[in-house]
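In case you want the letters, here they are:
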Amino acid sequence: MADVVIVGGGPGGYTAAGRLRALGKTVTIVERGEFGGVCLNEGCIPSKCLLNSAKLYAHARESAKFGVTVEGARFDLGVARSWKREVVGRLKGSLAALMARLGVEVVAGEASFVSDRAVRVGDRMLEADDIVIATGSRFAPLPVPGVDGPNVIWSREMLELGDLPKRVAIVGAGAVGLEAASFFSAVGVEVHVVEMLPEIAPFMDGSLASAMRRAMKQVTFHLGSRVEAIEPGGVVCSRDGVRETVASDLVLVCTGRAPNVEGLGLERLGVETGRAGIRVDAHGRTNLPHVWAVGDVNGVSLFAHSAARMGEVAADAIVHGGEASRHGAGERFRVQAIPWALFGVPEAAGCGLTEDEAKRQGIPVRTAMVPMRSIGRFLAEHGDAPGVVKAVVAKDDGRVLGVHLLGDGCAEMIWGVAALLEMELRAKDVREIVFPHPTVSEGIRDAIAAASAAGAAGGNA
């Protein structure tokens, strides 16, 4: 009998296991698929491998203005796919070795709850003091005729394509759809993106989302378009009452996600669920005191790094008690300080409130935008490539409420914004932080300072 059984071996599950072991608990993880979850096997990591290959190819073709001429550059999908498999294999091996070194037992199979302290996996009964559900999510179904056709794939199949299509239609302009559009367009495929909303990437600041769309000049966007059907010749959609067919050889579906709650037997236990997933408190505890849920399955924040942090918070609460935070000892999951990153061309990242979100919450703010080309290193390395930093600062006390970036490399900087928000720093506090020069990160300081200065002059609000 382990102290804790974790159902799901993705970032939330294996991170919780690592923290629990560090705190002296014995742990068993149950995984029905590939250990490492969607992120490692069919999401974050393999997609970045292919994106990097595509970006290198694009750089090779566009580097002449920087004094580097490359003749005969070509993209080899087979080699790129082999590199992706090597990277995933190495990381999976490292993760398996880590679990073994920590003494975490990994059981292959599908778990079903018997009680709030026991799950069955095949013929084996696993009992524990606490059980953590970390089963993740999957793409939500697209209920239209033709979605099961031979010309339709999902992101997992995209990662294993044998040949590039001449034309691809991508359904959905969220992070996955935009990264796929960036990949295909960078390697010369004609790309169409069909999105039912009026703008791409609804989680982004509106001004940056429109700037990103304009920067993706090789992609044709069909916004405000509802998919009616998928046919062998492409996607049938309607916009403003007019039907059109977006011609394509291949259709890639990148719709929203749904929590993996089926088959666990939660209904027998009375675990409360909602449309977004399993309902949890700030520590990841469900309505049952010994059952916890972290990551996509609770619907609070659908990022691998969010799942990992939730796993740490739940582990802390399991060991120290869910009420520890009342005494200042418990860890917290602060969704308002969770950064996001979109690894497209161009790259985008953000953390905290957007200007529109602040206004919807009735928070008076001041904002400022700084173009990346005004930052020395960005101009030197990227020229006039699209890029901007936008800061959102509270009007009353100057607290930094959000920073949003567009431009290559911004995903590597956004953690710093998360730290500013976690510490609830004000614009004047940020001015006292020394940013190394020349770095693109200086744009964060400049944008926050500009927002504060504009406010003092009665400017942006």
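This text follows the structure it describes.
Residues numbered from 1 in each chain as written. Predicted model: local features only at pLDDT ≥ 70, side-chain atom pairs only at ≥ 80, totals over all residues. Heavy atoms only, no water.

### Overview of the environment of Leu421
For Leu421, the location among the structural elements is in helix α12 (residues 414-422). Not counting the four nearest positions on each side in its chain, Leu421 is found in contact with Arg334, Gln336, Ala337, Cys351, Gly352, Val400, Leu401 and Gly402. (Helix = DSSP H or I, 4+ residues; strand = E, 2+ residues; numbered from the N terminus. Contact = heavy atoms within 4.5 Å.)

### Considerations on unusual backbone geometry
Trans peptide bonds make up the majority, and among non-glycine residues the majority have a negative phi. The linkage connecting Val345 with the following residue, Pro346, adopts the cis geometry, with an omega of 5°. Even without glycine at this site, Ala201 takes up a positive phi of about 45°. Summarising the element assignment, Ala201 is placed in the loop between β10 (190-195) and α7 (206-215). Looking at Ala201, the relative accessible area reads 1%, which means it is buried. The phi angle at Asp240 is positive, at roughly 55°, despite the residue not being glycine. Looking at the secondary structure, you find Asp240 in the loop between β13 (234-239) and β14 (242-247). (Buried < 20%, exposed > 50% of the residue type's maximum accessible area, 1.4 Å probe, protein only.)

### Points about the side chain of Asp296
Residue position: Asp296 is located in the loop between β17 (291-293) and α9 (304-320). Of the side chains with opposite charge, Arg257 comes closest to the buried, unpaired Asp296, at an N-O distance of 4.1 Å. A distance of 2.7 Å separates a polar atom in the side chain of Asp296 from a polar atom in the side chain of Ser137. Not counting residues up to four positions away in its chain, the partners in contact with Asp296 are Gly136, Ser137, Arg257, Pro259, Ala276, Ser301, Leu302 and Phe303. (Lys, Arg positive; Asp, Glu negative; His and termini not counted. Salt bridge = Lys/Arg side-chain N within 4 Å of Asp/Glu carboxyl O. Polar contact = N/O pair within 3.5 Å; in protein donor to acceptor, adjacent residues only side chain to side chain.)

### Regarding the sheet that holds strand β15 (residues 250-253)
Taken in spatial order, the five strands of this open sheet run β8-β15-β9-β10-β11, and their pairing is parallel. Each edge of the open sheet is held by one strand with a lone partner, namely β8 (152-154) and β11 (219-223). The mean inter-strand angle of the sheet, taken between neighbouring strand axes irrespective of direction, is 25°. In this structure, strand β9 (residues 167-171) lies alongside β15, joined through four bridges in parallel fashion. Opposite Ile170, over in β15, you have Leu252 as the bridge partner. (Pairing = 2+ DSSP bridges. Axes fitted to C-alpha atoms, helices over the stretch in contact; angles between N-to-C directions.)

### Details of the environment of Met372
As for its placement among the helices and strands, Met372 is situated in the loop between β20 (365-371) and α11 (376-382). Overall, Met372 belongs to the buried group, its relative accessible area being 0%. Residues Met372 and Ile45 lie 327 residues apart in sequence; the distance between their C-alpha atoms is 27 Å. For Met372, the residues in contact, after removing those within four places along its chain, are Phe378, Leu379, Gly387, Val388, Val389, Leu405, Leu406, Gly407, Met413 and Val440.

### Observations regarding the side chain of Glu195
Relative to the elements of secondary structure, Glu195 occurs in strand β10. Buried and unpaired, Glu195 has Arg226 as its nearest opposite-charge partner, separated by 9.6 Å. Dropping the residues within four chain positions of it, Glu195 is found in contact with Gly172, Ala173, Gly174, His222, Leu223, Gly224 and Ser225.

### Observations concerning the pattern of salt bridges
The final tally for this structure, using the stated rule, is 26 salt bridges. Here Arg19 and Glu331 are joined by a salt bridge, their closest N and O atoms 2.8 Å apart. In this pair, Arg19 sits in helix α1 (residues 11-22) while Glu331 sits in the loop between α9 and β18 (340-342), placing the two residues 312 residues apart along the sequence. Between Glu422 and Arg334 there is a salt bridge, and its shortest N-O distance comes to 3.2 Å. Taken as a pair, Glu422 in helix α12 and Arg334 in the loop between α9 and β18 lie far apart in primary sequence, 88 residues in all. Among the residues examined, Glu422 registers a relative accessible area of 38% and is labelled partly exposed. Among the ionic contacts, a cluster of salt bridges with common partners joins Arg19, Arg309, Glu312 and Glu331.

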